[in-house]
Protein chains: 2
Amino acid sequence: MSTVAADPLPSWRPGAVKEALLAFVAAVSSEGSAQFVPESERVAVFDNDGTLWPEQPLPFQAAFAFAELQGAVQRQPELASDPMVQAALAGDIGALLAGDHFEGLLRVIAVSHAGMTTEAFAAAVEAWLGSARHPQLQRPYDALTYAPMQEVLALLRAHHFRSFIVSGGGADFMRVWVERVYGIPPERVVGSTGRTHFALRDGAPVLVKSLDTLFVNDGAGKPAGIHQCIGRRPLMAFGNSDGDLAMLQYTTIQNPRPSFGLIVHHTDGEREFAYDAETRSTGRLVEALRQSPERGWHVVDMARDWTTVFA
Amino acid sequence: MSTVAADPLPSWRPGAVKEALLAFVAAVSSEGSAQFVPESERVAVFDNDGTLWPEQPLPFQAAFAFAELQGAVQRQPELASDPMVQAALAGDIGALLAGDHFEGLLRVIAVSHAGMTTEAFAAAVEAWLGSARHPQLQRPYDALTYAPMQEVLALLRAHHFRSFIVSGGGADFMRVWVERVYGIPPERVVGSTGRTHFALRDGAPVLVKSLDTLFVNDGAGKPAGIHQCIGRRPLMAFGNSDGDLAMLQYTTIQNPRPSFGLIVHHTDGEREFAYDAETRSTGRLVEALRQSPERGWHVVDMARDWTTVFA
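Residues numbered from 1 in each chain as written. Chains lettered and ligands numbered in written order. Predicted model: local features only at pLDDT ≥ 70, side-chain atom pairs only at ≥ 80, totals over all residues. Heavy atoms only, no water.

Student: Is there a simple way to think about the pairing of strand β3 (residues 189-201) of chain B in this case?
Tutor: Regular strands have side chains that alternate between both faces of the sheet. Residue and element names in this part refer to chain B. Sheet analysis places strand β2 (residues 162-170) next to β3, joined by three bridges and oriented parallel. Each residue of the ladder has a partner; that of Ile165, found in β3, is Val189. From the end of β3 to the start of strand β4 (residues 204-215), which pair antiparallel, there are two residues, and Asp202 there has a positive phi angle of about 50 degrees. (Pairing = 2+ DSSP bridges. Helix = DSSP H or I, 4+ residues; strand = E, 2+ residues; numbered from the N terminus.)

Student: I keep staring at empty space enclosed by the protein and nothing clicks. Help me out?
Tutor: Over the atoms a probe the size of a water molecule is rolled, and this reveals where empty space is left. Taken as a whole and assessed by the stated rule, the structure comprises four cavities of 30 Å³ or more. For the largest cavity, the calculated volume is near 210 Å³. Lining the largest cavity are 20 residues, with Gln228 and Cys229 of chain A together with Thr193, Gln228 and Cys229 of chain B sitting closest to its centre. Looking at the lining of the largest cavity, the elements that each hand over two or more residues are α9 (171-175), β3 (189-201), β4 (204-215) and α11 (221-229) of chain A together with α9 (171-175), β3, β4 and α11 (221-229) of chain B. Grouping the amino acids of the lining of the largest cavity by side-chain chemistry returns twelve nonpolar, six polar and two charged. Taken as a whole, the second largest cavity encloses approximately 40 Å³ of empty space. Lining the second largest cavity are Phe164, Glu187 and Arg188 of chain A together with Phe164, Glu187 and Arg188 of chain B. In terms of residue class, the lining of the second largest cavity is made up of two nonpolar, no polar and four charged. (1 Å grid on protein atoms, 1.4 Å probe; cavity = no way out; pocket = protein on both sides within 12 Å on 5 of 7 lines; lining within 4 Å. Points joined across faces, edges and corners; volume = space filled by probe spheres on them. Nonpolar A, V, L, I, M, F, W, Y, C, P; charged D, E, K, R; others polar.)

Student: What exactly am I supposed to notice about the environment of Val206 of chain A here?
Tutor: All names here are of chain A. Among the structural elements, Val206 can be located in strand β4. Using a relative accessible area of 15% as the deciding quantity, one classes Val206 as buried. Each C-alpha atom, one on Val206 and one on Leu156, is 36 Å from the other, the two residues being 50 residues apart in sequence. Apart from the residues lying within four places of it in its own chain, the contact partners of Val206 are Thr117, His197, Phe198, Ala199 and Arg201. (Buried < 20%, exposed > 50% of the residue type's maximum accessible area, 1.4 Å probe, protein only. Contact = heavy atoms within 4.5 Å.)

Student: Got a minute to help me understand the domain arrangement of chain A in this structure?
Tutor: How large an interface is tends to be reported as the accessible area lost when its parts come together. Residues and elements named next belong to chain A. One can read the domain layout of chain A as domain 1 (2-57 + 139-305) and domain 2 (60-131). On a C-alpha basis, the centres of domain 1 and domain 2 stand 25 Å from each other. Residue-level contacts link 28 residues of domain 1 with 26 residues of domain 2. For the pair domain 1 and domain 2, the summed buried area comes to about 2400 Å², and 71% of that belongs to carbon and sulfur atoms. Across the salt bridge formed by Arg180 and Glu126, the nearest N and O atoms sit 3.2 Å from each other. Of all elements in the fold, only β2 (162-170), α9, β3 and β4 reach the threshold of two or more residues within the side of domain 1 that touches domain 2. Ranked by residue count, the leading element in the side of domain 1 that touches domain 2 is β4, at six residues. When grouped by side-chain class, the residues that make up the side of domain 1 that touches domain 2 number 13 nonpolar, seven polar and eight charged. (Domains from an automatic or database assignment. Buried area = accessible area lost by both parts, 1.4 Å probe. Salt bridge = Lys/Arg side-chain N within 4 Å of Asp/Glu carboxyl O.)

Student: How do you make sense of the confidence of the model for chain A when you look at a structure like this?
Tutor: A low pLDDT means the predicted coordinates there should not be read in detail. Scored by pLDDT, chain A has a mean of 94; 98% of the residues are at 70 or more. Under the prediction, the complex receives an ipTM of 0.92, its pTM being 0.94. (pLDDT = per-residue confidence, 0-100.)

Student: Mind showing me how you'd approach the interface of chain B and chain A here?
Tutor: Counting residues at the interface gives 39 residues for chain B, matched by 39 residues for chain A. A combined buried area of about 3200 Å² lies between chain B and chain A, and 55% of that area is made up of carbon and sulfur atoms. Ranking the residues of chain B by area buried against chain A places Glu187, Phe198 and His227 of chain B at the top, with a combined share of 19%. The tally of links from chain B across to chain A stands at five salt bridges. Arg232 of chain A is the salt-bridge partner of Glu179 of chain B, the closest N and O atoms lying 3.3 Å from each other. Counting across the interface, chain B meets chain A through twelve residue pairs in polar contact (both at pLDDT 80 or more). Elements with a contribution of two residues or more to the side of chain B that touches chain A: α7 (118-131), β2, α9, β3, β4, α11 and α12 (245-252) of chain B. Here the residues of the side of chain B that touches chain A sort into 18 nonpolar, ten polar and eleven charged. (Polar contact = N/O pair within 3.5 Å; in protein donor to acceptor, adjacent residues only side chain to side chain.)

Student: What am I meant to see in the relation of the copies chain B and chain A here?
Tutor: Relating one copy of the chain to the other takes a rotation about an axis and a shift parallel to that axis. The transform that puts chain B on chain A rotates by 180 degrees and translates by 0.0 Å along the axis, for an RMSD of 0.0 Å. Viewed as a symmetry operation, the transformation between the two copies matches a two-fold axis. Scanning chain B for the C-alpha nearest the rotation axis identifies Cys229 of chain B, at a separation of 3.4 Å. Comparing interface residues between copies, 100% of those in chain B also lie at the interface in chain A; the contact surface is shared. (Least-squares fit on C-alpha atoms with pLDDT ≥ 70 in both.)

Student: Just to check I follow, could you spell out the packing of aromatic side chains for this structure?
Tutor: Centre-to-centre distance and the angle between the planes together describe a pair of aromatic rings. This structure, assessed with the given rule, holds 34 aromatic pairs over all chains. Seen from their ring centres, Trp128 of chain A and Tyr141 of chain A are 4.7 Å apart, and the 20 degrees between their planes marks the pair as stacked. On the criterion of sequence distance, the pair formed by Trp128 of chain A in helix α7 (residues 118-131) and Tyr141 of chain A in the loop between α7 and α8 (147-158) is long-range, its members being 13 residues apart. The pair formed by Trp128 of chain A and Tyr141 of chain A is uniform in burial state, with each residue classed as buried. Here Lys209 of chain A stacks its cationic end above the ring of Phe121 of chain A, 4.4 Å away from the centre of that ring. Taking NZ or CZ as reference, Arg233 of chain B lies 5.3 Å from the ring centre of Tyr250 of chain B, over its face. (Phe/Tyr/Trp six-rings, centres within 6.5 Å; stacked < 30°, edge-to-face > 60°. Lys NZ or Arg CZ within 6 Å of the ring centre and 35° of its normal.)

Student: What is the right way to look at the sheet that holds strand β7 (residues 298-301) of chain B in this model?
Tutor: Within a sheet, each strand pairs with its neighbour through backbone hydrogen bonds, oriented either parallel or antiparallel. Residue and element names in this part refer to chain B. Taken in spatial order, the seven strands of this open sheet run β4-β3-β2-β1-β5-β6-β7, and their pairing is mixed. Each of the sheet's edge strands pairs with one partner strand only, and the pair in question is β4 and β7. When the angles between neighbouring strand axes are averaged without regard to direction, this sheet yields 30 degrees. Summarising the sheet, β3 and β4 pair through eight bridges and their orientation is antiparallel. (Axes fitted to C-alpha atoms, helices over the stretch in contact; angles between N-to-C directions.)

Student: So what exactly am I meant to see when it comes to the environment of Arg139 of chain A here?
Tutor: Residue and element names in this part refer to chain A. Positionally, Arg139 belongs in the loop between α7 and α8. Relative accessible area serves as the criterion here: at 30%, Arg139 is assigned to the partly exposed category. Excluding anything up to four places from it in sequence, Arg139 contacts Ala132, Arg133, His134, Leu144, Phe310 and Ala311.

Student: Quick question: what am I supposed to make of the pairing of strand β6 (residues 260-265) of chain B here?
Tutor: All names here are of chain B. In terms of residue burial, β6 counts as a mostly covered element, since six of its six residues are buried. Here β6 shows no split at all, with Phe260, Leu262 and Val264 on one side and Gly261, Ile263 and His265 on the other all buried. Two strands pair when backbone bridges link them, and strand β5 (residues 236-239) and β6 are joined in this way by four bridges, in the parallel orientation. The residue bridging Met236 from the neighbouring strand is Phe260, located in β6. Remark: the β5/α12/β6 crossover connection has right-handed handedness. Sheet topology note: the β6/β7 ladder contains four bridges and is parallel. Pairing of His265 across the sheet is with Asp301, part of β7. Handedness of the crossover is the feature at issue here: the chain leaves β6, passes through helix α13 (residues 287-295), returns alongside β7, and the resulting connection is right-handed. (Right-handed = clockwise from strand over helix to strand, strands pointing away.)

Structure, rendered in structure tokens:
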């Protein structure tokens, strides 16, 4: 505990963002403070791709889906005629990222595991995480979480916050490893979901994944997802792209409780990736950055603010 | 703690169900026990209507929706032409309860608050709970929870379980009062949900309820809802109708962890209501009761097993 008291955020360089983070957490969790908030209401929400781990050159779940796609097409040959499946198999990433919510990518992700049971899907995710390596960073994907953000998760845990992942990624994909990697239990994952169907198969209960999208937890969907799964407004929101804009607004604008918004700005092409407006990936950041001064959102300059990037 | 140790379930008469409940909770939470389960995996799921509080003569949320319906029709006059709205306004409950998932009732519930913000909806629920009385039992609806089940919730809390409500009722309706009434936080409610739309209204973020059903958390939907929102199989499931059958199966059949299923059988026409096969309400109980011996589910005979019904 003495180390934590000394500096709970050792991977953060001294500066305005680090100071604001520490001051906010102290203010809402100190009894007698004017900003004190009871434990039951201390909810924080974190985007995942680009906020807790990278999303370049593509969201990691897309890499998983591409790896699974051949097997899926073997299981269900009719899928080979799907234009988005063809684009994925041909490596045409541009086609997959067109559209407001990356519909092609979502389609490929759905297709890659339709017909599987949720248990078989979880086993496939674990197997992939155990063997796959990030093409540029050359590490297992789950060894690429951001050290400074892991420190924020630990800081909030120590102050009796409940942190939730609120990601455009698939809830089923994240639930497999979030407890091990972030210390966040599976019920604190809000993500995009597909419909599953319950059945007794040879007497055993299974849930079978379908092609039907149930909920896309991105953009304006994020506040709706938070409402659906958490049922109260968060105090703190952490994001990195315009897909997090509505979540940041929902958390910080006219919140009757104290609130805090933070944007991770990917400025570090040397240690990680540098991108914002021009990216074709899920991490496009223009409008949320533009609004940050008027909204009071803190913007992390990764190159400047973080001494270490990866945990 | 000495009182709890003496009898944590004082409203339960001595008997097989009470013994089984106490033995199971002790076995999974005692370190060194062959059936020990780590705290993080101690998840219990409870149906609400008919399991934690009554559902006769109609689910309480239906009474709320009927009370709101006049106002909704004034807000949106075109709703008056909806056949199910007409049935509700005419008191034709039979029409509302037809169909596999009480589609008419769900429609009336959706219609009663479409176009409202989630905050206005929550305020309406609280106002209604503060003034409405159950027609036969003559008490506020939220003063009608079952004392024996409140004791089970407290027992599980004392043994570091996380209890979730998994109900066919609306998540938004339940979230307003579950923390106050059951000590269960809003994020541990899995219920039927409608789509909400995020907007900035006069600069303030709001979520507006729509007519679109997103997910019906009943029957085979319950295991899917549990998977979506909790992400792991429960150890314990509590229900009272065939709408809980799939949830009981998902919890107890071939679960690699120890598991426990319980059905509340409404046998007490004097203190509460007596019904099972013949009811037209949501509480129809035939198939789950039939399977209970082979599945090892415990069946509560309300008249015989409970010394007190209401908390």
